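Chains, contacts and geometry: an overview
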Amino acid sequence: MNHISIAIDGPSGAGKSTLARLLAQELRYIYVDTGAMYRAVGLYVARAGVESRDRDRIAALLPGIEIKLRYEDGVQQIFLNGENVSRAIRTEEASRYASDVSAVPEVRAFLLGAQRALAENADVIMDGRDIGTVVLPQADVKIFLTASSEERARRRYEELREKGEDVVYDDVLRHLVERDKNDSDRAAAPLRPAGDAVILDTTGNTLEQSLDVLRAVIKEKSGHVV
Ligand code: DC
């Protein structure tokens, strides 16, 4: 059976995960947050005491890593070698590690098969950086979500403060710009819109406004009414 797939790519803080999660609920699709998979690899590498850009040592660690996604009440939970790391992967340190390890081609190859298998077995909304370009080039709908760096940093800052992390806005902005550069400049599957992606800038939008725009794009491209 052919499953429908919707790819949502873009830089961090553009609203991908919130929007994708809500739309997946409305559509009754599975939401796959591929960033969480890179974060879990990053966490493993950090815990192993390996430097985040040491390609050879990172590649050597991969056989010891098992990543599983499970859904509890429709919410993705990520397990690293059996441990639920859904919270542990959300710190600033884990973000930096995730960005660095995601530039390692062996890490990308390691996760690619699992990501494709998820889309083969269910209707999915998958978010990441290279879903429309590399993971699911045949996706039914491709969206590239973006927003200004300042707005993305503000959203991320508020999210971290809500979780009780003691962060400073200027640091969050600086890290975000660094990570964008890291993700866009790498040789392996850099962050860029697919040629056939619909590009949406969410700067200044409320969540509801962005949802409406996305619903319209999904309806137009897949014929599926959300
Ligand atoms: O979406 P996120 O912030 O949770 O992603 C964490 C890191 O993983 C980010 O720096 C880029 C990387 N990533 C990637 O390279 N490819 C993906 N498909 C998803 C995330």
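Higher on the page you've got the structure.
Below is a summary of the structure that appears in this document. Chains are numbered independently. Their residues run from 1 in the order of the written sequence. Local features in this predicted model are restricted to residues whose pLDDT is 70 or higher, and side-chain atom pairs enter the listing and the counts only when it is 80 or higher, whereas totals over whole chains, interfaces and linings include all residues. Heavy atoms throughout the structure, all of them, feed into the side-chain values; hydrogens and water do not.

1. A look at the site of the ligand
In the neighbourhood of the ligand, 16 residues make up the surrounding shell, with Arg-39, Arg-108, Arg-129, Asp-130 and Arg-186 lying closest. Any pair of nitrogen or oxygen atoms within 3.5 Å is treated as a polar contact; in protein, a donor-acceptor pairing is required on top of that, and neighbouring residues in sequence qualify only through side-chain atoms on both sides. At a separation of 3.0 Å, a nitrogen atom of the ligand approaches a polar side-chain atom of Thr-34. One of the side-chain nitrogen or oxygen atoms of Arg-186 is found 2.9 Å away from an oxygen atom of the ligand. Taken by itself the ligand offers 450 Å² of open surface, and the protein chains cover 95% of this. We count a stretch as a helix when DSSP gives it H or I for four or more residues in a row; a strand needs E for two or more, and each element gets its number in order from the N terminus. For the shell around the ligand, the secondary-structure elements that each account for two or more residues are helix H2 (34–47) and helix H4 (92–101). A breakdown of the residues in the shell around the ligand according to their chemical character gives three nonpolar, six polar and seven charged. Distances are taken per atom, and a residue is near a molecule or strand as soon as one of its heavy atoms is within 4 Å of it. Only the protein chains shown count as cover for residues, and all accessible areas are computed by the Shrake-Rupley method using a 1.4 Å probe. Asp, Glu, Lys and Arg are counted as charged, while Ala, Val, Leu, Ile, Met, Phe, Trp, Tyr, Cys and Pro are counted as nonpolar; the rest, among them Gly, fall into the polar class.

2. Let's talk about the packing of aromatic side chains
Here the distance between the centres and the angle between the planes together describe a pair of aromatic rings. Two rings from Phe, Tyr or Trp (for Trp, the six-membered ring) form a pair when their centres are within 6.5 Å of each other. A pair whose planes differ by under 30 degrees is stacked, one over 60 is edge-to-face, and the rest are tilted. Per the counting criterion, the structure on display carries one aromatic pair. Taking 6.1 Å as the distance between ring centres and 85° as the angle between the ring planes, the aromatic pair formed by Tyr-157 and Tyr-169 counts as edge-to-face. Of this pair, Tyr-157 sits in helix H7 (residues 149–162) while Tyr-169 sits in helix H8 (residues 169–185); the two residues are twelve residues apart in sequence, bridging distant segments of the chain. Here the basic side chain of Arg-70 rests over the ring of Phe-79, its NZ or CZ set 4.2 Å away from the ring centre. Lysine NZ or arginine CZ positioned within 6 Å of the ring centre and within 35 degrees of the ring normal marks a charge as sitting over the ring.

3. Looking at the nonpolar core
Counting residues in each nonpolar core, the largest one holds 33 residues, and the members touching the most others are Val-41, Val-45, Ile-67, Ile-78, Val-107, Met-126 and Leu-136. Looking at this core, the elements that each hand over two or more residues are H2, helix H3 (55–61), strand S3 (67–72), strand S4 (75–80), H4, helix H5 (105–121), strand S6 (124–128) and helix H6 (131–135). Top contributing element to this core by residue count: H2, with seven residues. For Met-126, the residues in contact, after removing those within four places along its chain, are Ile-6, Ala-7, Ile-8, Val-32, Thr-34, Gln-115, Leu-118, Ala-119, Ile-131, Val-135 and Leu-136. Here the nonpolar core consists of buried residues drawn from Ala, Val, Leu, Ile, Met, Phe, Trp, Tyr and Cys, with membership extended through side-chain atoms lying within 4.5 Å. Classification of residues uses two cut-offs on accessible area relative to the type maximum, computed with a 1.4 Å probe and protein chains only: under 20% is buried, over 50% is exposed, and between them is partly exposed. It only takes one pair of heavy atoms within 4.5 Å for two residues to be counted as in contact.

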